[in-house]
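So you can see what is in the structure, the chains are spelled out below.
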Amino acid sequence: MRLIPGLVVVLIGVSLIGCYRGAPSKKSPIKLQHNMFQTQRYNPQSESQFFVDKATMRPPVAGTVAQGFLAEDSKLYRGRDARDSLVVISPIPPTEQSLARGQEQYNIYCAPCHSRVGDGRGIVVLRTMDAGYVPPPSFHQDRLRRGGLNGQDGHIFDVITNGIRNMPMYRHQIRVEDRWHIVNYVRALQFSQNATSAEVPSEVLDQLSQ
C-alpha cells in the first residue's frame, strides 16, 4: 500500500516535467506545419492568386439563407399560397394596431404619390404631371377593390414588394410585416370611400349628423 503514494508523487512529477518548456530562447521554434503559423491574409475586395476568378471574397453557396431569414411562410413573405396563387386575404388581421402601423408607413412611403386618401393625386403627382409623369391608379377603382380584378390582398403586397410599371420596389425599405399593415390600411381607405350608411356604426352616424 506504501507504493501507491509514491507512485502518485512520481506521476505528478512526470506531468510537471512534461509541461516544462525550458528556459526562454531567442531561436526560432521548430515548425513542422508552416501553414499553421503563416497563413496568407487578404483584404476585402483584394485579388487572390489561389482562386481561378482571382476574387478573394467568395460568394455564398447557392441556396444559402441567413439565420432568421428562412421565410418558410409563403403567404407571409411572398403573398402566395401553396399553389403559388396570390392570397385573397392578408395573413395579418386588420386590428387597430395593424391599421395604425399601416397608416404610419403608408403616409411615409405611399402618400407622396397615392395621396393620403388613395386617389392617386399625391404631391409628387401634382408637381410632375405637366412633365409627363403618369399618375398611379386610384385605390377606389373597382378592379383594385376586393372582389374585382387584381383585388387580392396578395396583389397589393406583391406590388409593394416588387414594384410595377413606374413604381419602384420597396422590399428593402419596408419590412414584410409593415407591407401587410399597409395592405390592411389600403383596404380601410377603400372602405372609407365606399361604405354605405348601413355599414357605418350607429354612434358614428350620430356624430356625422351633428
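Residues numbered from 1 in each chain as written. Predicted model: local features only at pLDDT ≥ 70, side-chain atom pairs only at ≥ 80, totals over all residues. Heavy atoms only, no water.

A. Molecular detail of the side chain of H181. The topology assignment puts H181 in helix α7 (residues 176-194). For H181, the contacting residues outside a window of four places in its chain are I92, S98, R101 and G102. (Helix = DSSP H or I, 4+ residues; strand = E, 2+ residues; numbered from the N terminus. Contact = heavy atoms within 4.5 Å.)

B. Examining the nonpolar core more closely. In terms of nonpolar packing, the biggest core is built from 20 residues, with Y106, I160, W180, I182, V183 and V186 touching the most fellow members. Contributions of two or more residues to this core are made by α6 (153-162) and α7. Broken down by element, this core gets its largest block of residues, 7 residues, from α7. Contacts of I160, omitting those with residues within four sequence positions, involve M167, M169, Y170, R171, I174, R179, I182 and V183. (Core = buried A, V, L, I, M, F, W, Y, C linked by side-chain atoms within 4.5 Å. Buried < 20%, exposed > 50% of the residue type's maximum accessible area, 1.4 Å probe, protein only.)

C. Region of interest: the state of the cysteines. Enumeration according to the criterion identifies 0 disulfides in this entry. Cysteine C110 is unpaired, with the sulfur of C113 as its nearest cysteine sulfur at 9.1 Å. According to the relative accessible area criterion, C110 is buried, its value standing at 12%. (Disulfide = S-S within 2.5 Å.)

D. Layout of unusual backbone geometry. The backbone of A71 shows a phi angle near 50°, a positive value even though the residue is not glycine. Checked against the element boundaries, A71 lands in the loop between α1 (3-19) and α2 (74-78). Overall, the relative accessible area of 35% leaves A71 in the partly exposed class. Despite not being glycine, D84 has its phi angle at roughly 65°, a positive value. Note on placement: D84 falls in the loop between α2 and α3 (96-109).

E. Main features of the layout of surface pockets. Its boundaries defined by the atoms lining it, the largest pocket holds a volume of some 490 Å³. Surrounding the largest pocket, 25 residues form its lining, H114, P136, V159, I164 and M167 being those nearest its centre. Every element with two or more residues in the lining of the largest pocket is listed here: α4 (111-114), α6 and α7. No other element matches the 4 residues that α6 contributes to the lining of the largest pocket. (1 Å grid on protein atoms, 1.4 Å probe; cavity = no way out; pocket = protein on both sides within 12 Å on 5 of 7 lines; lining within 4 Å. Points joined across faces, edges and corners; volume = space filled by probe spheres on them.)

F. Summary view of a nonpolar patch on the surface. Taken together, the side chains of V65, F69 and L70 present a nonpolar region at the surface, about 330 Å² in accessible area. Along the polypeptide, F69 turns up in the loop between α1 and α2. (Patch = residues over 30% accessible without salt bridge, like charges linked within 9 Å, V, L, I, M, F, W, Y side chains within 5 Å. Areas by Shrake-Rupley, 256 points an atom, 1.4 Å probe, with all protein chains shown as cover. Salt bridge = Lys/Arg side-chain N within 4 Å of Asp/Glu carboxyl O.)

G. Structural detail: α6. Among the 10 residues in α6, 8 count as buried, and that is most of the element. Listed as buried for α6 are D153, G154, H155, I156, F157, V159, I160 and T161. Looking at the buried side of α6, the elements it contacts are α2 and α7.

Take it as geometry only, folks, not as evidence of what the structure does.
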